[in-house]
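What follows is the residue order along each chain.
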Amino acid sequence: MAYWNWKPSYELGISVIDNQHKRLVEYINELSAAVTTRDKKQISFILTGIIDYTISHFAFEEQLIAEAGYPMAGPHKKLHESFVAAVSRYKKSFDEGYDIAGQLMAELQIWLTYHISNDDMDYKDCVKKMLVNKEIQKIEDRAETKKKSWFQTLFG
Ligand SMILES: [Fe+2]
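Residues numbered from 1 in each chain as written. Predicted model: local features only at pLDDT ≥ 70, side-chain atom pairs only at ≥ 80, totals over all residues.

This brings us to the overall build of the protein chain. The number of helices and strands found in the protein chain is four helices and zero strands. When the helices and strands of the protein chain are listed from N to C terminus, the series reads α-α-α-α. Taken over C-alpha atoms, the radius of gyration comes to 21 Å for the protein chain, far larger than the 15 Å a tight globule of 156 residues would show. With the C-alpha coordinates aligned to their principal axes, the bounding extent of the protein chain is approximately 75 × 30 × 30 Å. Expressed as a percentage of the 156 residues in the protein chain, the buried residues total 15%. The contacts in the protein chain between residues at least 6 apart in sequence include a share of 68% that link residues at least 24 apart. (Helix = DSSP H or I, 4+ residues; strand = E, 2+ residues; numbered from the N terminus. Rg over C-alpha atoms; globule rule 2.2 N^0.38 Å. Buried ≥ 20, exposed ≤ 12 C-beta atoms within 10 Å, placed from the backbone. Contact = placed C-beta atoms within 7 Å.)

When you line up the elements, S93 lands in helix 3 (residues 73-95). For S93, a count of 15 C-beta atoms within 10 Å puts it in the partly exposed group. In contact with S93, not counting residues within four places along its chain, are Y98 and I100.

Here is a general trend for soluble globular proteins: nonpolar side chains tend to be buried in one another's company. Counting residues in each nonpolar core, the largest one holds 13 residues, and the members touching the most others are I28, L31, I43, I46, A101, L104 and M105. Every element with two or more residues in this core is listed here: helix 1 (15-37), helix 2 (40-67) and helix 4 (101-155). Those residues in contact with L31, other than ones at most four positions away along the chain, are I43, I46, I50, A101 and M105. (Core = buried A, V, L, I, M, F, W, Y, C linked by C-beta atoms within 7 Å.)

Here we come to the environment of L131. As for its placement among the helices and strands, L131 is situated in helix 4. Each C-alpha atom, one on L131 and one on E61, is 13 Å from the other, the two residues being 70 residues apart in sequence.

Looking now at helix 4. In this model helix 4 runs just 71 Å from its N-terminal to its C-terminal C-alpha over 55 residues, more than 12% under the 81 Å that 1.5 Å per residue would give. The principal kink in helix 4, of about 45°, is found at D120. Every buried residue of helix 4 is listed here: A101, L104, M105, L108, I116, D120, Y123 and V127. (Expected span 1.5 Å × (residues − 1). Bend = angle between axes of the 7 residues up to and from the residue.)

What follows concerns the packing of helix 1 against helix 2. As a packed pair, helix 1 and helix 2 sit with axes 10 Å apart at the nearest point and diverge in direction by 165°. Judged by the angle between their axes, helix 1 and helix 2 are roughly antiparallel. For the pair helix 1 and helix 2, the crossing hand works out as left-handed. Where helix 1 approaches helix 2, its residues I17, Q20, R23, L24, Y27, E30, L31, A34, V35 and T37 are matched on the opposing element by Q42, I43, I46, G49, I50, Y53, T54, H57, F60 and E61. (Axes fitted to C-alpha atoms, helices over the stretch in contact; angles between N-to-C directions. Parallel < 35°, antiparallel > 145°, perpendicular 65-115°, else oblique. Left-handed = near helix turned anticlockwise from the far one by under 90°.)

With that settled, the discussion passes to helix 3. Residues three or four positions apart in an α-helix share a direction because the helix packs 3.6 residues into each turn. Along its 23 residues, helix 3 runs 33 Å from first to last C-alpha, staying within 8% of the 33 Å computed at 1.5 Å per residue. Where helix 3 terminates, the next one or two residues include G97, which has phi positive at roughly 105°.

Attention shifts here to the packing of helix 2 against helix 4. How two helices sit against one another is set out by the angle between their axes and by the gap between those axes. The geometry of helix 2 relative to helix 4 is characterised by a closest axis approach of 11 Å and an angle of 20° between their N-to-C directions. The orientation of helix 2 with respect to helix 4, classified from their angle, is roughly parallel. Crossing handedness for the pair helix 2 and helix 4: left-handed. Contacts from I43, L64, I65 and E67 in helix 2 reach A101, Y123, V127 and M130 in helix 4.

Our focus in this paragraph is the environment of T153. Within the secondary structure, T153 sits in helix 4. Residue T153 is classed as exposed on the basis of its 8 C-beta neighbours within 10 Å. In sequence terms T153 and G69 are 84 residues apart; their C-alpha atoms lie 40 Å from each other.

Written out as structure tokens, the structure is:
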């Protein structure tokens, strides 16, 4: 059985973000499996993977919310930064030989559940609006290009 099961209530309805969040949940399940086997090399490998993936996910999310003009983009970025700092501290302790993987796993689950369900949920409408507007713009641009090519066919 998985350590952490994805729940539909975590979904923001922004597929690119939801898929990244699902990957984070998977990563924590992989960590849980590695902790059970007590394979230190594997645990270390997964911890590095979690940190790298989290950093790129956060960067992607920060760019998206800034582009959407989300008013809390700055404070949201700060939350990400303190989370990365905390996880990196755990990784350092692990590298120094402390048995923190189980504790970290629990903290990751609590933090991510809270963050996705509250902080991320808070930006979803703003980002969705921006994405819809972008799609409308694309359709309008396409229509405009078509109009130009008709004009050229008829009068060019
Ligand atoms: Fe976030």
